[in-house]
Amino acid sequence: MHRRCEHTYPYFDLKSGNETPITSFKVFLSFFTNKTNDLVTYLDKLSIEHDQNLFKGCFFGHIRYRCKTKEQYQKLKHSILQSKKVPSTHISIVNGREILLFKLIDPISKQYGGLQFFEICDQKDDEDQKAGFHHFEMVYKNRKDFKETETFLFFNSKSILTQEVRKREGVEQLLFKIIVQSGVEIFITTVSLYDIALRRNM
């Protein structure tokens, strides 16, 4: 189901500036620390706008960043793997390109349970992947809280929303997206058992 209408909330620019691809973990961390703080402010504004505690029971899942070139990915990956702030990583192949999931020792935000997990994606072989910041993912442990927020925003929000159901390792996961003016998406999902298992091993 897809609902579109005019966005009236303050502009929330999460674009990372593709003209200068990020290749340093230090730059990556600084940029996304600032943008995570912006996201917290944005979600707070949504709650205030509707006089609702819309994101109760919601916690940070991860940030995904897509590299422009394979060279950029290798440089950023190397920088991340060399950092003492990254105790564990996991590499997987999805849709023909490598994805590095990594965890920080210390979260970059104390809001919404703290943000510790990040994904960076290599460029695809055909180079058709749009580079730059892709999405934030926020996760609900309780499906009832998720459905209440989804339903309220779908019927009351003037943001652009999409709703869908996806499967992770055969397990159903509910998802809706808030699409902000910059084109970046905020994923709001229910807990994925696959993701829980993966993160517990990191």
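So, here is what we can say about the structure in this document. Since the model is a prediction, treat every value here as computed from it, not as a measurement. (Residues numbered from 1 in each chain as written. Predicted model: local features only at pLDDT ≥ 70, side-chain atom pairs only at ≥ 80, totals over all residues. Heavy atoms only, no water.)

Looking at the environment of Phe28
Just so we agree on the cut-off: Here a helix means four or more residues in a row that DSSP labels H or I, a strand means two or more in a row labelled E, and each is numbered from the N terminus. Contact between two residues is taken to exist if any of their heavy atoms lie within 4.5 Å; hydrogens are not considered.
Among the structural elements, Phe28 can be located in helix H1 (residues 25-50). Taking the C-alpha atoms as reference, Phe28 lies 9.3 Å from Ile80; in sequence the two are 52 residues apart. In this structure Phe28 touches Ile22, Tyr65, Leu76, Phe102, Phe118 and Ile120, once residues within four positions along its chain are discounted.

Quick notes on the nonpolar core
Here is the rule we go by: Grouping buried Ala, Val, Leu, Ile, Met, Phe, Trp, Tyr and Cys residues that are joined through side-chain atoms within 4.5 Å yields what is termed a nonpolar core. Partly exposed describes any residue whose relative accessible area lies between the buried limit of under 20% and the exposed limit of over 50%, with all areas from a 1.4 Å probe on protein chains only and scaled to the type maximum.
One finds Phe28, Phe55, Phe102, Phe118, Ile120 and Met138 to be the most contacted residues of the largest nonpolar core, which totals 43 residues. With 10 residues, the single largest contributor to this core is H1.

Details of the pairing of strand S6 (residues 132-140)
Worth spelling out the cut-off: Each pair of strands is called paired provided DSSP finds at least two bridges between the two strands.
By the criterion of burial, S6 is predominantly enclosed, with 8 of the 9 residues buried. By the bridge criterion, 8 bridges tie strand S2 (residues 58-66) to S6 in an arrangement that is antiparallel. Across the sheet, the residue bridging to Arg66 is Gly132, located in S6.

Overview of helix H3 (residues 143-156)
Spacing of three or four residues puts side chains on the same side of an α-helix, whose turn is 3.6 residues. Using the following cut-off: By definition here, a helix of n residues has an expected span of 1.5 Å times n minus one. To obtain the arc, one takes the directions from the helix axis to the C-beta atoms.
Over its 14 residues, H3 runs 20 Å from end to end, which matches the ideal 20 Å to within 8%, given 1.5 Å per residue. Residues Asp145, Phe146, Thr149, Glu150, Leu153 and Phe154 constitute the buried set of H3. Across the axial projection of H3, the buried residues extend over an arc of 155°, all falling on one side. Looking at H3, the residues exposed on the side facing more than 90 degrees away from the buried face are Lys144 and Phe155.

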